[in-house]
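Next come the chains, spelled out residue by residue.
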Amino acid sequence: MTDTPAYPPATSVDDFRRNLAQVRDNMAAACRRAGRDPAEVRLLPVSKTVDEARIRLAYQAGCRELGENKVQEAHAKWEAMADLADLRWAVIGHLQTNKAKLVARFASEFQALDSLRVAEALDRRLQAEGRALDVLVQINTSGEASKFGLDPGQAAAFVRELPAFASLRVRGLMTLALFSSDPAQVRPCFVRLRELRERLRQEAPAGIAIDELSMGMSGDYALAIEEGATTVRVGQAIFGARALPDSHYWPGLAQPGSQP
């Protein structure tokens, strides 16, 4: 990780192709260090704050999945780009129950499930839409009170309740690491999530898969891959630096460093 690297904005298809290639090269190098197959790790580009015109350039460069934190922003982009029929949208930020109807309408994935109230609201809305949704359970591995996500000690009991929600396809876990330029502080967050997955796999109810680990962003995705990430959420290293601070999207996070 480095302190607030300079990410120039991508403004052409060639820019996006170059940035995507660099990120994928870095991912492959991290996989080699960990003795992993690069095919095991999915890149989820994060397009929050990015306008439609630049998203369309990213699409031309090969992006077919995008992650967004704000539900209303994501929904508006989905509507505006409905002509891109194979573009999938993942909601990766905290969800209030009153926004569940929007997620049920357009998202292919929700990575921040951390309450039964949200699970119930999503399930009800998804059934009305005749859809199912891949979900990840968000875990607070840094222990910061400002962050959303379940305490690791609450995860097993929470997961045991999830078979009640038939429209939710539980795939695994997600976390946000500590915001720090010190790998020695960041890496343990990823280790905790991986170790929690191994424990939950032993006791997960039938039909509940705890396989996926979504962890790692622009500043720390290589560390996350070394510790077992199956999805990395990368925004600024692909799209360029954002004008809005991360605290606008991740409550309580105002420090520079490992930003998506």
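### Looking at the nonpolar core
Taken as a class, soluble globular proteins show a tendency for nonpolar side chains to be buried jointly.
Logical step 1: If you look at the biggest cluster of nonpolar residues, it comprises 79 residues, and the most contacted ones within it are F110, L113, L122, L162, L173 and V232.
Logical step 2: Per-element tally for this core: the top contributor is helix α1 (residues 13-34), with seven residues.

### Digging into the pairing of strand β8 (residues 231-234)
Logical step 1: The two faces of β8 match: T231 and R233 on one face and V232 and V234 on the other face are all buried.
Logical step 2: Bridging between strand β1 (residues 42-45) and β8 involves four bridges; their strand directions are parallel. Bridge pairing links P45 to V234 in β8.

### Concerning the packing of aromatic side chains
Logical step 1: In the structure shown here, the tally under the stated rule is two aromatic pairs.
Logical step 2: Each ring, one from F16 and one from F239, has its centre 5.3 Å from the other, and the planes form 70°; the classification is edge-to-face. Highlighted residues: F16 in helix α1 and F239 in helix α9 (residues 236-239), separated in sequence by 223 residues. Comparing F16 with F239 shows no difference in burial state: the two are buried.
Logical step 3: Positioned above the aromatic ring of Y59 is the side chain of R64, whose terminal nitrogen or guanidinium carbon lies 3.7 Å from the ring centre.

### Focus: the confidence of the model for the protein chain
Logical step 1: With 92% of its residues at a pLDDT of 70 or more, the protein chain has an overall mean of 93.
Logical step 2: Low confidence marks residues 254-259, where pLDDT is under 50. Its contacts with residues over four positions away, or in another chain, come to 21 contacts.

### Brief notes about the environment of E68
Logical step 1: Take E68: it is sitting in strand β2 (residues 65-68).
Logical step 2: Separated by 167 residues in sequence, E68 and G235 place their C-alpha atoms 9.6 Å apart.
Logical step 3: For E68, the residues in contact, after removing those within four places along its chain, are S47, K48, E73, A74, K77, W89, A90, V91, I92 and G93.
Logical step 4: A polar atom in the side chain of E68 sits 2.7 Å from the side chain of K77.

### Considering the pattern of salt bridges
Logical step 1: All told, the structure shown has 23 salt bridges when counted by the stated rule.
Logical step 2: A salt bridge links R56 to E52; its shortest N-O distance comes to 2.9 Å. Of this pair, R56 and E52 both sit in helix α2 (residues 52-60), four residues apart, which is roughly one turn of that helix.
Logical step 3: Exposure remark for R56: the relative accessible area of 24% places this residue in the partly exposed category.
Logical step 4: For E52, a relative accessible area of 32% gives the class partly exposed.
Logical step 5: Its salt-bridge partner being E68, residue K77 comes within 2.7 Å of it at the nearest N-O pair.

### What to know about the side chain of N140
Logical step 1: In this structure, N140 sits in the loop between β5 (133-138) and α6 (155-161).
Logical step 2: At a separation of 3.0 Å, a polar atom in the side chain of N140 contacts the main-chain amide nitrogen of G143.
Logical step 3: Polar contacts involving the side chain of N140 include one to the main-chain carbonyl oxygen of E144, which spans 2.8 Å.
Logical step 4: Not counting chain neighbours up to four residues away, the residues in contact with N140 comprise K147, F148, G149, L150, P152 and T175.

### As for α2
For an α-helix, the turn length of 3.6 residues means that residues three or four places apart are oriented alike.
Logical step 1: Residues R54, I55, L57, A58 and Y59 constitute the buried set of α2.
Logical step 2: Those residues of α2 hidden inside the fold are in contact with α1, β2, α3 (71-80), β3 (88-91) and α9.
Logical step 3: Residue G62 follows α2 closely and has a positive phi angle near 120°.

### Comments concerning the environment of G219
Logical step 1: Mapped onto the elements, G219 comes out in the loop between β7 (212-214) and α8 (221-226).
Logical step 2: Sequence separation between G219 and L113 is 106 residues; the distance between their C-alpha atoms is 24 Å.

### So, unusual backbone geometry
Logical step 1: In this model, T49 sits at a positive phi of 70°, which is unusual for a non-glycine residue.
Logical step 2: Tracing the backbone shows T49 in the loop between β1 and α2.

The rules behind these values
- Residues numbered from 1 in each chain as written.
- Predicted model: local features only at pLDDT ≥ 70, side-chain atom pairs only at ≥ 80, totals over all residues.
- Heavy atoms only, no water.
- Core = buried A, V, L, I, M, F, W, Y, C linked by side-chain atoms within 4.5 Å.
- Buried < 20%, exposed > 50% of the residue type's maximum accessible area, 1.4 Å probe, protein only.
- Helix = DSSP H or I, 4+ residues; strand = E, 2+ residues; numbered from the N terminus.
- Pairing = 2+ DSSP bridges.
- Phe/Tyr/Trp six-rings, centres within 6.5 Å; stacked < 30°, edge-to-face > 60°.
- Lys NZ or Arg CZ within 6 Å of the ring centre and 35° of its normal.
- pLDDT = per-residue confidence, 0-100.
- Contact = heavy atoms within 4.5 Å.
- Polar contact = N/O pair within 3.5 Å; in protein donor to acceptor, adjacent residues only side chain to side chain.
- Salt bridge = Lys/Arg side-chain N within 4 Å of Asp/Glu carboxyl O.

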